[in-house]
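Descriptive analysis of the structure
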Amino acid sequence: MTGSKPLLALCYGTRPQIIKASVLRRALARDFDLVAVDTGQHYDFVLNELLYRQLGVAAPDHYLEVGSGSHATQTSAILERVANLLAQVRPVVAAVIGDTNSTLGCALAASKLRIPVAHIEAGLRAGDRLMAEELNRRATDALASILCAPSAAAARRLEREHPDGLVRETGDIARDVLLSQLPCIPTPESVVPAAASPYLFATVHRAELTDRPVILRDVLTALGSLPLPVVLAMHPRTRAALERNGLPVASTARLTIIPAAGYREALALLRGAAAVLTDSGGIQREAYWLGVPCVTLRAETEWAETLALGANRLVNPDHVAEQLGPVVERLVQEPPATWDRDAYGDGHAAERVAAAIRDWIR
Ligand code: UD1
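What comes next is a walk through the structure. Predicted, not measured: the structure shown is a model, and the values here were computed from it. (Residues numbered from 1 in each chain as written. Predicted model: local features only at pLDDT ≥ 70, side-chain atom pairs only at ≥ 80, totals over all residues. Heavy atoms only, no water.)

1. Here's the deal with the pairing of strand β4 (residues 93-97)
Remark: a regular strand shows side chains that alternate across the two faces of the sheet. Along β4, five of the five residues are buried, which leaves the element largely enclosed by surrounding structure. Because side chains alternate across β4, one face comprises the buried residues Val 93, Ala 95 and Ile 97, and the other comprises Ala 94 and Val 96, equally buried. Where strand β1 (residues 7-12) meets β4, four bridges bridge the pair, whose relative direction is parallel. Residue pairing for β4: Ala 9 is matched across the bridge by Ala 94. Here β4 pairs with strand β5 (residues 117-120) via four bridges, running parallel. In the sheet register, Ile 97 faces β5, and the bridge partner there is Ile 120. In terms of handedness, the path from β4 via helix α4 (residues 101-112) over to β5 forms a crossover that is right-handed. (Buried < 20%, exposed > 50% of the residue type's maximum accessible area, 1.4 Å probe, protein only. Helix = DSSP H or I, 4+ residues; strand = E, 2+ residues; numbered from the N terminus. Pairing = 2+ DSSP bridges. Right-handed = clockwise from strand over helix to strand, strands pointing away.)

2. Description of the pattern of salt bridges
Applying the stated criterion to the full structure yields 22 salt bridges. The partner of Arg 285 in a salt bridge is Asp 172, and the shortest N-O contact between them spans 2.7 Å. Note that Arg 285 is positioned in helix α13 (residues 281-290) and Asp 172 in the loop between β7 (166-169) and α7 (173-181), a separation of 113 residues in sequence. A relative accessible area of 2% means that Arg 285 is categorised as buried. Judged by its relative accessible area of 2%, Asp 172 falls in the buried class. Across the pair Arg 313 and Glu 334 runs a salt bridge, and its minimum N-O distance is 3.6 Å. Here Arg 313, found in strand β13 (residues 312-314), pairs with Glu 334, found in the loop between α15 (320-331) and α16 (349-361); they are 21 residues apart in sequence, far enough to count as distant. In the salt-bridge network here, residues are joined through shared partners; they are Asp 99, Glu 134, Arg 137, Arg 138, Arg 298, Glu 300 and Glu 302. (Salt bridge = Lys/Arg side-chain N within 4 Å of Asp/Glu carboxyl O.)

3. Some details on helix α3 (residues 71-89)
The end-to-end C-alpha distance of α3 is 26 Å, a good match for the 27 Å that 19 residues give at a rise of 1.5 Å each. When α3 is considered as a whole, its buried residues turn out to be Gln 74, Thr 75, Ala 77, Ile 78, Val 82, Leu 85 and Leu 86. Each buried residue of α3 lies within a common arc of 160 degrees when the element is viewed along its axis, so the set occupies one face. The exposed residues of α3 that point more than 90 degrees off its buried face are Ala 72, Glu 80 and Gln 88. Buried positions along α3 lie against β1, β2 (33-38), β3 (62-63) and α4. Directly after α3, the chain includes Arg 90, whose backbone phi takes a positive value near 50 degrees. (Expected span 1.5 Å × (residues − 1). Arc of directions from axis to C-beta. Contact = heavy atoms within 4.5 Å.)

4. Description of the sheet that holds strand β10 (residues 255-259)
Overall, parallel pairing links the six strands, which are arranged β10-β9-β8-β11-β12-β13 in an open sheet. At either end of the open sheet lies a strand with only one pairing partner, and these are β10 and β13. Strand after strand, the sheet turns through a mean of 20 degrees between neighbouring axes, direction not considered. Taken together, the three bridges between strand β8 (residues 200-203) and strand β9 (residues 230-234) define a ladder with parallel strand orientation. Paired with Phe 201 across the strands is Val 231, a residue of β9. Helix α10 (residues 213-223) contacts β8, β9, β10 and β11 (276-278) of the sheet and is inclined by roughly 145 degrees relative to β9. In the packing of helix α12 (residues 263-272) onto the sheet, contacts are made with β8, β9, β10 and β11, and the angle to β8 comes to roughly 135 degrees. (Axes fitted to C-alpha atoms, helices over the stretch in contact; angles between N-to-C directions.)

None of the figures reported here should be taken as evidence of function without further support.
Written out as structure tokens, the structure reads:
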């Protein structure tokens, strides 16, 4: 640190945030002295260390080893540890990303110290107020002074809700990362041999699925009975839930289960798939940008533009047994994607985030 630029803390802690930190850290370092704080919410090799390596992210300045726990335990550990750190470091602004417990814990820690918060990926709403991520994003928006929206609709909502905040439509950082990594994506069959012939790609990890054993069983059964074979990249949380409930975790003839994949490997499997079935927010947009039809295994999504453009459709996990097969049947027969791909910016979101924070400080 030179001391010649304003000091900015960038706080993150989960897989999707480490991915976004890769481009954010480069863009922010031009204008700010950066303190990178990884809460340690995600600690698995694939969810954490591999991403640092693949995406060329420098090690964080502070790794807080929060780890897993109930929402209360995890969020309060983040709050306490980040507050202790920020009280010493005293950045001019603390930037947080997305909607995880790390996002809220860090935003709250900074706010209690009267350190202004920049929320990156602000203004999204899925509609279910009690869902963990919705709660985190609403609370973080309420705390933030600088609100960087990935879409026009999110920016308009924030302008209504936060007339005092600095609201900018920056676009989505995830697109910046995707564009920068596209040249490094391997072939899908080099990731898993089952991807050599037509297949569907799947991921499931959210509490709404993993914490309901009957629904989780129905989803796995449905994935194994689709018109094309499925490659399922299994998040450690999903594996733990299956094992805890005595449900099968082994591959079958129609369902190849692989461990959670690295960023590049996951993109390779997504790009090569006839369609993707997922409950991940990140994969919904990546599928949209790559032109791969997506089925979101949730009752709602905060990425409403992907639905409106025909790139995405919802299947409520409660009805997965009856609905998933017919939806996928129709999908794989549809002509190739022609939707507009610019609903979430142009791949220069990180620069706009840096400019927004710079302008706010001025
Ligand atoms: C978190 C985010 C979610 C995001 C996801 C991306 C919250 C509330 N949720 O969900 O929005 O889409 O990250 O992956 O913050 N686990 C491991 N290894 C790890 C991390 C987690 O095995 O490195 C397992 C543990 O069993 C843990 C469980 O996953 O208890 C839940 O982890 P947690 O970080 O709380 O939430 P995610 O499900 O990963």
